[in-house]
Amino acid sequence: MATTQAAEPAATDEGSLSTETIFETLSNKRRRYTLHYLKRIGEPVAIRDLSEQLAAWENGVEREQVKPKERKRLYTALHQTHLPKMDRLGVVAYDSDRGVVALTEAIDQFDIYFDLVAADEIPWSQFYLALGGVTTALVAIAALGVQPFASLGGFGYALAVTLLFTAVASYHTLRDQRRVVGSADTPPETTIPPADEIEATSDGRDD
């Protein structure tokens, strides 16, 4: 197993990770990708396979298109930095001698934290607040008898608002299921990044 270093605040009680530990793990893209891949596979994996898949995701290509230099760069970062750190935190079990890594039972605690908001999205709390404000305004206008809003009637507005919130909530539920770590084929925030971003991520230290 990985050599034990200075203790880090990993747990709040037996079997429970601290919020600090969870966010520290998720704050790094390569660690998020590692959790995602390990949960998708559902069994211990070789670090070579892990590094190849992460290189594919980072570069926006299929695994067979990953260059040896790209895989080696990920292998080194995982072996020297990320996997030992995650092992110390109790998130994974990393056997550096065999080159094999597996999830611990702590992975279940990450599901509720993996609802990431992309740069082009707004938080759902704000969306529901805006949606509620719009529907309330429409109903108020209809109650004042303003046409054509008043022609729909109370029952019609109740049905429309109910159907609208049901549709939005259904979409929200499906989206959240796909945003949970390990639930989709690719990590939730995975996109094909610009070439300069890939170069900066690959060449800079990612700890």
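Not measured: the values here are computed from a predicted model. (Residues numbered from 1 in each chain as written. Predicted model: local features only at pLDDT ≥ 70, side-chain atom pairs only at ≥ 80, totals over all residues. Heavy atoms only, no water.)

A. Structural context of the pattern of salt bridges. Enumeration over the complete set of coordinates arrives at five salt bridges. Here Arg-63 makes a salt bridge to Asp-49, at a shortest N to O gap of 3.9 Å. Of this pair, Arg-63 sits in the loop between α3 (47-59) and α4 (68-89) while Asp-49 sits in helix α3, placing them 14 residues apart in sequence. Residue Arg-63 is classed as partly exposed on the basis of its relative accessible area, which comes to 23%. What makes Asp-49 partly exposed here is its relative accessible area of 34%. Asp-95 is the partner of Arg-98 in a salt bridge, and the nearest nitrogen-oxygen pair spans 3.9 Å. (Salt bridge = Lys/Arg side-chain N within 4 Å of Asp/Glu carboxyl O. Helix = DSSP H or I, 4+ residues; strand = E, 2+ residues; numbered from the N terminus. Buried < 20%, exposed > 50% of the residue type's maximum accessible area, 1.4 Å probe, protein only.)

B. The arrangement of the packing of aromatic side chains in detail. Under the counting rule described, the total for this entry stands at three aromatic pairs. Relative to Trp-57, the ring of Tyr-33 lies with its centre 5.6 Å away and its plane at 80°, an arrangement referred to as edge-to-face. Of this pair, Tyr-33 sits in helix α2 (residues 29-41) while Trp-57 sits in helix α3, and the two are 24 residues apart along the sequence. Across this residue pair, the class does not change: Tyr-33 and Trp-57 are buried. Each ring, one from Tyr-37 and one from Trp-57, has its centre 6.2 Å from the other, and the planes form 75°; the classification is edge-to-face. One end of the pair, Tyr-37, is in helix α2; the other, Trp-57, is in helix α3, with 20 residues separating them in the sequence. (Phe/Tyr/Trp six-rings, centres within 6.5 Å; stacked < 30°, edge-to-face > 60°.)

C. Seen up close, helix α1 (residues 19-26). When we look at burial in α1, the residues that qualify are Thr-21, Ile-22, Thr-25 and Leu-26. End-on, the buried residues of α1 take up no more than an arc of 125°, which puts them together on one face. Looking at the buried residues of α1, the elements they touch are β2 (16-17), α2 and α4. (Arc of directions from axis to C-beta. Contact = heavy atoms within 4.5 Å.)

D. View of the sheet that holds strand β3 (residues 45-46). With antiparallel pairing, three strands are arranged side by side in an open sheet as β3-β5-β4. Either end of the sheet is taken by a strand with one partner, and the two such strands are β3 and β4 (92-95). Bridge count for β4 against strand β5 (residues 100-103) is four bridges, and the pairing is antiparallel. For Val-92, the partnering residue across the bridge sits in β5 and is Leu-103. (Pairing = 2+ DSSP bridges.)

E. Quick peek at the packing of α2 against α3. Two elements in contact, α2 and α3, have axes separated by 10 Å at closest approach and are oriented at 120°. Taken together, the axis directions place α2 and α3 in an arrangement best described as oblique. Considering how the two elements wind past one another, α2 and α3 form a crossing that is right-handed. Here α2 contributes Lys-29, Arg-30, Tyr-33, Thr-34, His-36 and Tyr-37 to the contact with α3, which in turn contributes Asp-49, Leu-50, Gln-53, Leu-54, Trp-57 and Glu-58. (Axes fitted to C-alpha atoms, helices over the stretch in contact; angles between N-to-C directions. Parallel < 35°, antiparallel > 145°, perpendicular 65-115°, else oblique. Left-handed = near helix turned anticlockwise from the far one by under 90°.)

F. Summary view of a nonpolar patch on the surface. Together, Val-134, Leu-138, Ile-141, Leu-144, Val-146 and Phe-149 give the surface a local cluster of nonpolar side chains, amounting to about 490 Å² of exposed area. For Ile-141, the location among the structural elements is in helix α5 (residues 124-143). (Patch = residues over 30% accessible without salt bridge, like charges linked within 9 Å, V, L, I, M, F, W, Y side chains within 5 Å. Areas by Shrake-Rupley, 256 points an atom, 1.4 Å probe, with all protein chains shown as cover.)

G. Local environment of the pairing of β5. Taken together, the two bridges between β3 and β5 define a ladder with antiparallel strand orientation. Bridge pairing in β5 links Val-45 to Val-101. Linking β4 back to β5 in an antiparallel pair, the connection comprises four residues, with Gly-99 at a positive phi of about 70°.

H. Main features of the environment of Val-100. Residue placement: Val-100 occurs in strand β5. Residue Val-100 is classed as buried on the basis of its relative accessible area, which comes to 17%. Taking the C-alpha atoms as reference, Val-100 lies 6.4 Å from Pro-44; in sequence the two are 56 residues apart. In this structure Val-100 touches Pro-44, Val-45, Ala-46, Ala-93, Tyr-94 and Asp-95, once residues within four positions along its chain are discounted.

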